[in-house]
Amino acid sequence: MNKTIKIAIDGPGGAGKSTVAKAVAVRLGIDYIDTGAMYRALGLKMLRLDIPMEDTPQLRQLLRETEIDFRGKDILLDGENVTELIRTPQVSMAASACSAFPVVRETMVKAQQKMGADKSVIMDGRDICEVVFPDAEFKFFITADAEERARRRCKELQEKGNDAVYEQVLAEIKERDHNDATRAASPMRKAEDAELIDTTAMTIDETVEYICGKVRAKNL
Ligand code: DC
């Protein structure tokens, strides 16, 4: 690949975005940036410090004092590796809640644009196609039925040794979809120029292959 490219992926939680994006990044030899992990890290910090989920001067101060970085596959919150800690249902809800505040989004989007500047990246989230990289060469909206996403999430949680009750996971997925899609600031939605990929009946490999095929077809 000679010129730098941006691959933007949006979609709801549990649709397999990050698994797919990671694999595409390895295949194409480009960097992967998980923007959801950044909102999760901030959500974790707010939970830990017991900061109310409101746009307050305290939140603005917290944003100024918080450092979120990636080191390889790990995410660091003020230097602490929180890669595993941010994957709990409680942090998922906190991430969804704090991501609704414009001041939080502005801070994150700026950081994401900086991270992706001057190199080829694949980035996934909710607002990548329309806000973070509106000029991305490749844009996809990856989704799947809520029931299928809940089944996948349960399997993932169980594999990590966590208890998971399907009905509860499904209810959380639906609540988060609702929060993310109905917030005023950059609600989750498919960008007009993004291609919809419904992975309900697709394997990870098929989705990865599909995206890599699209990129190769345009870049070879
Ligand atoms: O992709 P994820 O499930 O790890 O994201 C966690 C939450 O962060 C999600 O519920 C909404 C928010 N988010 C966002 O608002 N914008 C992004 N680009 C990525 C995530």
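Scope of this entry: the structure provided in the associated data block. Within each chain, residues carry numbers counting from 1 in the order of the written sequence. pLDDT decides what is reported in this predicted model: residues at 70 or higher carry local features, side-chain atom pairs at 80 or more are listed and counted, and totals for whole chains, interfaces and linings draw on all residues regardless. Side-chain metrics in this entry use all non-hydrogen atoms of the structure; hydrogen atoms and water are not considered.

## A word on the pattern of salt bridges
Then comes step 1: Salt bridges, as used here, are contacts in which a Lys or Arg side-chain nitrogen is within 4 Å of a carboxyl oxygen on Asp or Glu. Going through the model one piece at a time under the given rule, you end up with 19 salt bridges.
Then comes step 2: Between Asp 78 and Lys 45 there is a salt bridge whose closest N-O contact spans 2.6 Å. Here the residue Asp 78 occupies a position in the loop between strand S4 (74-77) and strand S5 (80-81), and Lys 45 occupies one in helix H2 (residues 35-49), the gap between them amounting to 33 residues.
Then comes step 3: Since its relative accessible area comes to 39%, Asp 78 is described here as partly exposed.
Then comes step 4: Using a 1.4 Å probe on the protein chains alone, a residue whose accessible area is under 20% of its type maximum counts as buried, one over 50% counts as exposed, and one in between counts as partly exposed. On the basis of relative accessibility, which here comes to 12%, the residue Lys 45 falls in the buried class. What counts as a helix is a DSSP run of H or I of at least four residues, what counts as a strand is a run of E of at least two, and both are numbered from the N terminus.

## What about helix H8 (residues 166-182)?
Then comes step 1: Each residue after the first adds 1.5 Å to the expected span of a helix. In a regular helix each residue adds 1.5 Å, so 17 residues correspond to 24 Å; H8 covers 24 Å between its end C-alpha atoms and thus fits that length.
Then comes step 2: Among the residues of H8, Val 169, Leu 170, Ile 173, Arg 176, Asp 177 and Asp 180 are the ones counted as buried. Taken end-on, H8 shows its buried residues confined to a sector of 130°, consistent with a single buried face.
Then comes step 3: Tucked into the core, H8 has its buried residues touching H2, helix H4 (89-98) and helix H7 (146-159). The arc in question is formed by the directions pointing from the helix axis toward the C-beta atoms. Whether two residues touch is decided by their heavy atoms; if any such pair falls within 4.5 Å, the residues are in contact.

## Structural notes on the packing of helix H3 (residues 57-65) against helix H5 (residues 102-115)
Then comes step 1: Contact geometry of H3 with H5 gives a least axis separation of 10 Å together with a crossing angle of 10°. Between H3 and H5, the interaxial angle falls into the category roughly parallel. Along the contact surface, H3 presents Leu 59, Arg 60 and Leu 63, while H5 presents Val 103, Val 104 and Thr 107. Axis definition: a line fitted to C-alpha atoms, over the contacting stretch in the case of helices. Angles run 0 to 180 degrees between N-to-C directions. Working definition: roughly parallel below 35 degrees, roughly antiparallel above 145 degrees, roughly perpendicular at 65 to 115 degrees, and oblique for all remaining angles.

## Some thoughts on the sheet that holds strand S2 (residues 31-34)
Then comes step 1: At least two bridges found by DSSP between two strands are what make those strands a pair. Taken in spatial order, the 5 strands line up as S2-S6-S1-S7-S8 in an open sheet, and their pairing is parallel. Since the sheet does not close on itself, it has two edges, and those belong to S2 and strand S8 (195-198), each with one partner. Across the sheet, the axes of successive neighbouring strands diverge by a mean angle of 20°, strand direction being ignored.
Then comes step 2: Pairing between S2 and strand S6 (residues 121-125): 4 bridges, direction parallel. Residue Ile 33 lies in a different strand from S6, and its bridge partner there is Met 123.
Then comes step 3: Packing against the sheet, H2 makes contact with S2 and S6, and its axis sits at approximately 40° to S2.

## Concerning the pairing of strand S7 (residues 138-143)
Then comes step 1: Where burial is concerned, most of S7 is hidden: 6 out of the 6 residues are buried.
Then comes step 2: Side chains Phe 138, Phe 140 and Ile 142 project from S7 onto one buried face, and the interleaved Lys 139, Phe 141 and Thr 143 project onto a second face that is buried too.
Then comes step 3: Bridge count for strand S1 (residues 6-10) against S7 is 4 bridges, and the pairing is parallel. Counterpart to Asp 10 in the pairing with S7 is Phe 141.

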